[in-house]
2 protein chains.
Amino acid sequence: MLRTVSAALAAVSALALAAPAWADTLVDNVDGVTIDAAGKVKRFNGLVFDEDGKITQVLTRSDKRPQVDYRLDGEGRVMIPGMIDAHVHVMDIGFAALTLDLSNTTSLEDALAKIKAFAEANPGRPWIIGRGWNQEKWGLGRFPTAAELDAVVSDRPVWLERADNHANWGNTLAITTAGVTAKTPDPEGGKIIRDAKGAPAGVFVDYAVQLVGKVVPPPRPEDRDLAFAKAQEVLLGYGVTAVADMGTKMPDWTTYRRAGDAGRLQIRIMSYANSFETLETVAGPEPTVWLYDDKLRMGGIKLYLDGALGSRGASLKAPYHDDPGAKGLPLLTPAQLRNLMSRAAMDNFQTAVHAIGDAANAEVLAAVEELSESYTGDRRWRIEHAQIIDPVDLGRLGKHGVIASMQPLHQTSDRLMAEARLGPDRLDGAYPWRSVVTVGGRLAFGSDAPVEPADPFAGMAAAISRVDASGQPFGGWFPEETVNREQALAGYTSDAAFAGFAEGRFGRLLPGERADFLLVDRDPLFASPEALRETKVLQVWIGGVKVREAE
Amino acid sequence: MLRTVSAALAAVSALALAAPAWADTLVDNVDGVTIDAAGKVKRFNGLVFDEDGKITQVLTRSDKRPQVDYRLDGEGRVMIPGMIDAHVHVMDIGFAALTLDLSNTTSLEDALAKIKAFAEANPGRPWIIGRGWNQEKWGLGRFPTAAELDAVVSDRPVWLERADNHANWGNTLAITTAGVTAKTPDPEGGKIIRDAKGAPAGVFVDYAVQLVGKVVPPPRPEDRDLAFAKAQEVLLGYGVTAVADMGTKMPDWTTYRRAGDAGRLQIRIMSYANSFETLETVAGPEPTVWLYDDKLRMGGIKLYLDGALGSRGASLKAPYHDDPGAKGLPLLTPAQLRNLMSRAAMDNFQTAVHAIGDAANAEVLAAVEELSESYTGDRRWRIEHAQIIDPVDLGRLGKHGVIASMQPLHQTSDRLMAEARLGPDRLDGAYPWRSVVTVGGRLAFGSDAPVEPADPFAGMAAAISRVDASGQPFGGWFPEETVNREQALAGYTSDAAFAGFAEGRFGRLLPGERADFLLVDRDPLFASPEALRETKVLQVWIGGVKVREAE
């Protein structure tokens, strides 16, 4: 067959080359701050990006302004990279935000009014699910009843968790839907609160909760889509434009893909599968490509090596100070951990291992040391939380460039608990941010949202001060482990991107990266910790598109 | 903020509008045939498509040729739409094609040579899996042994199914991997063929097959990717450019998406989920959008109402002629069928119900009739196979515009078996293609590959003749149920697209549809059935891109 190229194509191409690009945008007159390619702070005043939303130029005052198609005046505001949260649970953020929160109710009447309003505002929800009630706080002197709930919502089951997670309160429809009657016996370890006739009165305690809990329907697909939309809203509200999703389940992934396919995916998600089954089903033989213009990628797996400090599940080298019989429990044997890490590394998947206690952290580091002999190259082994690291183990962290993915707000929330669990003599390696940097490890900062709020400015404030929102403790908790402001900014931007193999794509305001930026009302490198916590996010841009503007 | 649009953008836009499109292609001098918008045959001589691979013009000899960027000379060859197979199992096509086929081996030596060659050609496969051997055909007079297999493949387990599916032959590594030894007892209903010392000799019969079968590893992700690539190769080889995938499992879907994400998805897949779990996880609250430029969509669910005629699982109104005690067994109660169809229809998912026996078909039609009152609009209820329809039920098929998704090659393969199962007096509604059209139902033709070859030209030959490849039976089996050539072509093109809500996207060579076409060596509307079966597919184009060319 004969193939002829018409002259017309060549003619149009020549014209296109001669003309300027289609839609270059300059955001000028900003007070810009970013981490640069060398890891240092760089200041600038103008940012140019192209129609693909990629940065083409970063300008200082004296640079000549290019000819562009759109020109925006930043009015001198502070521009910083979009914040990256290196450890969140995206769908849980959404589901938590969609759940009725009764923790601030002051009386039964107050709670009932809130429940009624929530049910009316959510007519499509088949069950009304809530949490946080506490009849002691209300001064009620008794448990609330199903009848009281029925008076405000009777057309749908209502099921509300008590503040301490040890009891639930339901309306009559919830109880009858579950088939619980006066004849239902109390289960072992649980109690059905009953009325004078022995019928369920509304509240179920401890193991009795499951009598109704088991019929609460799982989320419908539309609930998942809604929760994801809500999660994006929450994250964007804090100026978070990218996250590492720690433990993506199969239906989470397909929810993200539905959003991507429909053009509803706004934030960038570095996904770590919750299991090898998910990882192999989704990614298959190697990490996925970056999808939707660098918005989504599954690059690794989340593994759990121990539990948490609060519940004494964290695996410690020595017994708990407040429970000398307990040292926590590793969830994997050393051989299991190595096998799983090896299985991931074999197909070039990254591993992110949850390790909180010093024994767990030592074990991950030992595994990394061994595996590094077989799996050379750029592996970026991650430890999630890395809360308590025995100082003797820190060296290995540096030697292998391990990424410590840490959550500054956990330190301020947990410090009294950590003191109780560890005692006064074992706090040297507790939340050791600066030590990680000093030994040559890599930091990535995050929130563990919804466990803590996904607020990177509160996180930066904690990171540079080790004091909480109320200024406690004065001078900071082990202030030698604070990081400086530049390190804090890097932890939430360039270093968090690096931790997800995303450097060069986003996390810095440099040519070639995506134009993900915030306009904020103060400079994070100058604000006091208290002022940092008050940062107002004025605009959020992702890939050169403004996705949110404060009112 | 101030937004200014530079003059440059407007200037370039004006130029672009004045210039011709970027890369229009004209394939001229073809003998083109398609079904048109009115369902009639349309002939043409030139096809123009744009850079998106969409048809912009369909030209006859006398039409003025437009100015284009590429011009190809079809040299008078026949151009027809890419064939659409309305019922396949995509991944199974690939896995079947990747399995060593020993069914044509003539001796043990021949088989061993093929096994050795296959193992050498597939060094990455952890197990060598095959099927089709038959020691009787070899004139061996005994079962083959593990030792004979070891002599050709000893580094990997080998596991080969006998032609009748009732025995498997393994090498020593397969047997030891499974932990089967001389001490392993025969399971109930099974037998381990043993040597003089009682050790497993290599062949396992009936229920003993699972002793080794249970350790055969499931496909790895790379196996799935390979199988999918192979399936595409097989389908394109037959000129099939689009398929309905009947019963997509979760890992099938993610395999298709990996291919789409990596630019390896060539064929178009109309996917019907294998379960509500898959449907809800993937598609969520409604059918997915068309992904990858109309290459992939999950729009419905496959349900099973009965089994097959051969195994007497098809649900019949009267007892089987050759087994008066059996009427088959419906797999769903009438209430279950309606509930499942309703659950799908509620979220605008299409249902494709497997129904083979006349009782099953009557039941689906009754369900459609009831559901049509609640679910109005364009539902396109599908019956898959629809092999035996009682003539009294045909009217309902027409009344509700039900789509009968039928496989012409099943008729030619099954006719003797169907005569045995149904007897001479109940064949009026057997494979009733023309009756479906006559009563106003809609046909969609397919192959059920890999059960039958995915060859649409063999299918068309059967559809217009009801004779098989050897010309049997003379004059055709119930020739009053043949369809004409135009209907046969429509069944594999426009009607198969309609059956998957894809009309306007592909299936016809008309402006606005994707340029999916074949160049073939003969005209399907003129060739004899025998000649049709010999059709050579010279080129396959999908979305304006040539994806395959015969040597």
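Residues numbered from 1 in each chain as written. Chains lettered and ligands numbered in written order. Predicted model: local features only at pLDDT ≥ 70, side-chain atom pairs only at ≥ 80, totals over all residues.

A. Examining the overall build of chain A more closely. Tallying secondary structure elements over chain A gives 18 helices and 25 strands in all. For 551 residues, the compact-globule estimate of 2.2 N^0.38 gives 24 Å, and chain A sits close to it at 26 Å. Taking the principal axes of the C-alpha coordinates as reference, chain A spans close to 90 × 60 × 55 Å. A total of 551 residues make up chain A; the buried ones form 49% of that total. A separation threshold of at least 6 residues defines the contact pool for chain A, and within that pool the share at least 24 residues apart is 71%. (Helix = DSSP H or I, 4+ residues; strand = E, 2+ residues; numbered from the N terminus. Rg over C-alpha atoms; globule rule 2.2 N^0.38 Å. Buried ≥ 20, exposed ≤ 12 C-beta atoms within 10 Å, placed from the backbone. Contact = placed C-beta atoms within 7 Å.)

B. Quick peek at the packing of helix 2 (residues 90-98) of chain A against helix 7 (residues 221-237) of chain A. All names here are of chain A. Close contact between helix 2 and helix 7 brings their axes to 7 Å; oriented N to C, the two are set at 95°. With respect to each other, helix 2 and helix 7 are oriented roughly perpendicular. Contacts between helix 2 and helix 7 involve V90, M91, I93, G94, F95, A97 and L98 on the former and, on the latter, R224, L226, A227, F228, K230, A231, V234 and L235. Tallied by class, residues from the contact of helix 2 with helix 7 come to 12 nonpolar, one polar and two charged. (Axes fitted to C-alpha atoms, helices over the stretch in contact; angles between N-to-C directions. Parallel < 35°, antiparallel > 145°, perpendicular 65-115°, else oblique. Nonpolar A, V, L, I, M, F, W, Y, C, P; charged D, E, K, R; others polar.)

C. Just helix 7 of chain A, in detail. The end-to-end C-alpha distance of helix 7 of chain A is 24 Å, a good match for the 24 Å that 17 residues give at a rise of 1.5 Å each. On its buried face, helix 7 of chain A is in contact with helix 2, strand 16 (240-248) and helix 8 (250-261) of chain A together with helix 9 (276-282) of chain B. G239 of chain A sits one or two residues past helix 7 of chain A and shows a positive phi near 80°. (Expected span 1.5 Å × (residues − 1).)

D. Inspection of unusual backbone geometry at higher detail. The linkage connecting A449 of chain A with the following residue, P450 of chain A, adopts the cis geometry, with an omega of 10°. Within the fold, P450 of chain A resides in the loop between strand 22 (442-445) and helix 15 (456-465). Here Q472 of chain A and P473 of chain A are connected by a cis peptide whose omega angle stands at -15°. By secondary structure assignment, the location of P473 of chain A is in the loop between helix 15 and helix 16 (485-491). Despite not being glycine, H385 of chain A has its phi angle at roughly 85°, a positive value. For H385 of chain A, the location among the structural elements is in strand 20 (residues 382-385). In this structure, F501 of chain B takes a positive phi of about 55° despite not being glycine.

E. A look at the domain arrangement of chain A. Here chain A is partitioned into domain 1 (127-214) and domain 2 (305-483). Distance from the C-alpha centre of domain 1 of chain A to the C-alpha centre of domain 2 of chain A: 39 Å. (Domains from an automatic or database assignment.)

F. Summary view of the environment of W290 of chain B. Residue and element names in this part refer to chain B. Its location among the elements puts W290 in the loop between helix 9 and strand 18 (296-304). Under the C-beta neighbour-count criterion, W290 is labelled partly exposed, with 17 such atoms within 10 Å. Between the C-alpha atoms of W290 and R505, which are 215 residues apart in sequence, the distance is 9.9 Å. Those residues in contact with W290, other than ones at most four positions away along the chain, are R297 and R505.

G. Region of the structure containing the sheet that holds strand 14 (residues 190-194) of chain A. All names here are of chain A. The strand order across the open sheet built from six strands is 10-11-12-13-15-14, with neighbouring strands paired in mixed fashion. Both edges of this open sheet fall to strand 10 (100-101) and strand 14, since each of them pairs with a single strand only. Packing of helix 3 (residues 108-121) onto the sheet brings it into contact with strand 10, strand 11 (128-133) and strand 12 (158-162), and relative to strand 11 it is tilted by some 155°. (Pairing = 2+ DSSP bridges.)

H. Seen up close, the sheet that holds strand 3 (residues 31-35) of chain B. Residues and elements named next belong to chain B. Taking strand neighbours across the sheet as the criterion, the six strands line up as 4-3-8-23-24-25 in an open arrangement whose pairing is mixed. The strands lining the two open edges of the sheet, one partner per strand, are strand 4 (41-44) and strand 25 (545-549). Each neighbouring strand pair of the sheet contributes to a mean axis angle of 25°, computed without reference to strand direction. Two elements, strand 3 and strand 4, share four bridges in a ladder whose sense is antiparallel. Paired with V33 across the two strands is R43, which belongs to strand 4.

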